[in-house]
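# Architecture at a glance
Now for the letters of each chain:
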Amino acid sequence: MSWIESISNGIEKAFSSVRPALKFIPPLLLLCELKSRPGLSAIALTTAIIRRLPEAGIETGSNPDGSPNKINQFVRIMCEETIKEIKDNARVTTVIEPGSVITTGNGANAGGPVVVVSTNTVVSQALGLIE
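An account of the accompanying structure is given in this report. (Residues numbered from 1 in each chain as written. Predicted model: local features only at pLDDT ≥ 70, side-chain atom pairs only at ≥ 80, totals over all residues. Heavy atoms only, no water.)

Before going further, it helps to spend a moment on the side chain of Asn72. By the element assignment, Asn72 lies in helix H4 (residues 70–89). Classification of Asn72 by relative accessible area gives buried; the value is 17%. Every residue in contact with Asn72, bar those within four places of it in the chain, is listed here: Ile50, Leu53 and Thr60. (Helix = DSSP H or I, 4+ residues; strand = E, 2+ residues; numbered from the N terminus. Buried < 20%, exposed > 50% of the residue type's maximum accessible area, 1.4 Å probe, protein only. Contact = heavy atoms within 4.5 Å.)

So, in structure tokens, the structure goes:
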């Protein structure tokens, strides 16, 4: 095992003991939350970071000589490239648990109307995009 793997494993072990698992969100509430989200924004991220830089003692106004603040420009470029990379190359892979999709169908045969209720019986995979 290389030294980088040893360090990585140590960090992962430390975080796994401190970081709790995410709480379950019922599907209906999750759907409502997702519908109201505006999506990733480099401008919103830039604004939020620059707004907080003074907490770290970093000036965000113009330089004393009146020249533009290079830190603000750096933050904007970093945010734009990060969001671009996420939007252009990230993907979401999710699974659908057995029994979680329930469908109802109506039909008929010689004996009359037929109502069918079914569910998925195996784990399924779905892909998605981060927006």
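So, on to the packing of helix H3 (residues 42–52) against H4. Direction vectors running N to C along H3 and H4 enclose 140°, while the axes themselves pass 9 Å from each other. With respect to H4, the element H3 is oriented oblique. Crossing of H3 against H4: the hand is right-handed. Residues Ala42, Leu45, Thr46, Ile49 and Ile50 of H3 pack against Asn72, Val75, Arg76, Cys79, Glu80 and Ile83 of H4. Residue classes in the contact of H3 with H4 are distributed as 7 nonpolar, 2 polar and 2 charged. (Axes fitted to C-alpha atoms, helices over the stretch in contact; angles between N-to-C directions. Parallel < 35°, antiparallel > 145°, perpendicular 65-115°, else oblique. Left-handed = near helix turned anticlockwise from the far one by under 90°. Nonpolar A, V, L, I, M, F, W, Y, C, P; charged D, E, K, R; others polar.)

Moving on, we come to the side chain of Thr46. Note that Thr46 resides in helix H3. With a relative accessible area of 8%, Thr46 lands in the buried category. In contact with Thr46, other than residues within four places in its own chain, are Val75, Arg76 and Cys79.

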